[in-house]
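Summary of structural features
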Amino acid sequence: MVDDFPAGSVWLVGAGPGDPDLLTRKAERLLRTATIVFYDALVGAGVLDLIPKAVQRVPVGKRSGRHSKDQDSINSLLVQAAQAGGRVVRLKGGDPSIFGRSMEEITSLAGAGIATRICPGITAASAAAAAAGLSLSLRGLARRVQFATAHKRGEEPLDLDWPALADPACTTIFYMGRGAAPEISRQLQRAGLAGSTPVLVACDVSLPAERFLHTRLDLLPIAVQGLAGDGPTLILVGAAMAQAAAPGHALSAEQRAASPYQPSAISR
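In short, a report on the structure.

Here we look at the packing of aromatic side chains
Under the definition given, this model contains three aromatic pairs. With 5.3 Å between their ring centres and 65 degrees between their planes, phenylalanine 99 and tyrosine 175 make a pair best called edge-to-face. Within this pair, whereas phenylalanine 99 is found in the loop between β4 (87–92) and α4 (102–111), its partner tyrosine 175 is found in strand β7 (residues 170–175), the two being separated by 76 residues in sequence. Overall, phenylalanine 99 belongs to the partly exposed group, its relative accessible area being 37%. Taken together, Phe99, Phe147 and Tyr175 form an aromatic cluster joined through their ring pairs.

Structure, rendered in C-alpha cells:
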C-alpha cells in the first residue's frame, strides 16, 4: 500500500527501543516502501536489517555527545530528498514525539510545502517497564507518569522543575540520564523526595546487552558509576519501581514500608 506514501513525501517513523520485534507493522511497511531512509545512531541494527538493500540509507547521528549532523543539516537533507521525488523515511529511535525533535523537522518540511506524517514507536520507558515486569503506574502509589530529558550542554545545570518532578505519587522517567545521575539524585532529594525512593536504572533496553540496576535515590550516583559502557540509559524513579525488587511478586504498601528497598543488579 503506497497511497499514504506518495513520492515527494516524508514519514517520521519510530524505530522503538532497538528490538526489531517491537517495531510496528506500519513502520516495517513504510521502511519497505521508502526509497531513502535517514536514521539515528540509536536505531537498532536489527531494525536497519529490515530495510531492503535497494533503499538508500543515510546515517545522521543524533546520539548524545556524538552528533554527526546538526539539526539544520538534517532538515535540509530531508527537504532535498523529498523535493527530488523520494519517498523519505526519517527513522528515529523510540517514539518520534518523545524527545525526538520532531516539530523542528516537521516545521522545516512544511515550510517547503512537503507533506509529513508520523508513525509512532514504542518509547524506551514502556519497553523498560515491560522487560522489567513492572507497571509505570500503580493504583494508590503512582497515579501519574511523567517524562523528562536529562540531556544538557556541558556542565550547565539541568533546567527542570524539580519540585514538580519530586512528586512521591508519580513515576518519573529521565531519558539520557546516566551523566546527570548525581544531579538528579541531589535535586530530587532537595525538592523533598525521600532518599529511600526506589529507582530502576535501565541500559540498552530491549537489546541483547540489556541491563537493569535496582537501587535507591540516595544511592543512585554510586550505583550508576558501576555501570560499564555508555549505552542509552533511563532512570525511572518512584514507588512503583519497588515492584521490580521481586520479579513476579507485587509488594503491598505495608510490605514496602517494612522492607527497605535494597540495591541489586541483573542482566538479561
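Overview of the nonpolar core
Ranked by internal contacts, the top residues of the largest apolar core, which has 23 residues, are Phe174, Ile184, Leu188, Val201, Leu220 and Ile235. Excluding anything up to four places from it in sequence, leucine 188 contacts Trp162, Leu165, Ala166, Phe174, Leu193, Leu217 and Val237.

Quick notes on the environment of arginine 101
The residue arginine 101 is located in the loop between β4 and α4 in this model. The exposure class of arginine 101 is partly exposed, given its relative accessible area of 40%. Sequence separation of arginine 101 and glutamine 71 is 30 residues, and the distance between their C-alpha atoms is 8.7 Å. Only 2.9 Å separates the side chain of arginine 101 from the side chain of glutamate 104, close enough to count as a polar contact.

What to know about the side chain of glutamate 210
Following the sequence through the fold, glutamate 210 ends up in the loop between β8 (198–203) and β9 (211–216). At a separation of 2.8 Å, a polar atom in the side chain of glutamate 210 contacts the main-chain amide nitrogen of serine 206.

Some words on unusual backbone geometry
Among all residues except glycine, the phi angle is most often negative; among peptide bonds, the trans geometry is most common. Of note, the phi angle at methionine 176 is positive, near 55 degrees, even though the residue is not glycine. Using a relative accessible area of 37% as the deciding quantity, one classes methionine 176 as partly exposed. Unlike most non-glycine residues, serine 206 shows phi in positive territory, near 75 degrees. Inspection of the secondary structure assignment puts serine 206 in the loop between β8 and β9.

Quick notes on the rules
Residues numbered from 1 in each chain as written. Predicted model: local features only at pLDDT ≥ 70, side-chain atom pairs only at ≥ 80, totals over all residues. Heavy atoms only, no water. Phe/Tyr/Trp six-rings, centres within 6.5 Å; stacked < 30°, edge-to-face > 60°. Helix = DSSP H or I, 4+ residues; strand = E, 2+ residues; numbered from the N terminus. Buried < 20%, exposed > 50% of the residue type's maximum accessible area, 1.4 Å probe, protein only. Core = buried A, V, L, I, M, F, W, Y, C linked by side-chain atoms within 4.5 Å. Contact = heavy atoms within 4.5 Å. Polar contact = N/O pair within 3.5 Å; in protein donor to acceptor, adjacent residues only side chain to side chain.

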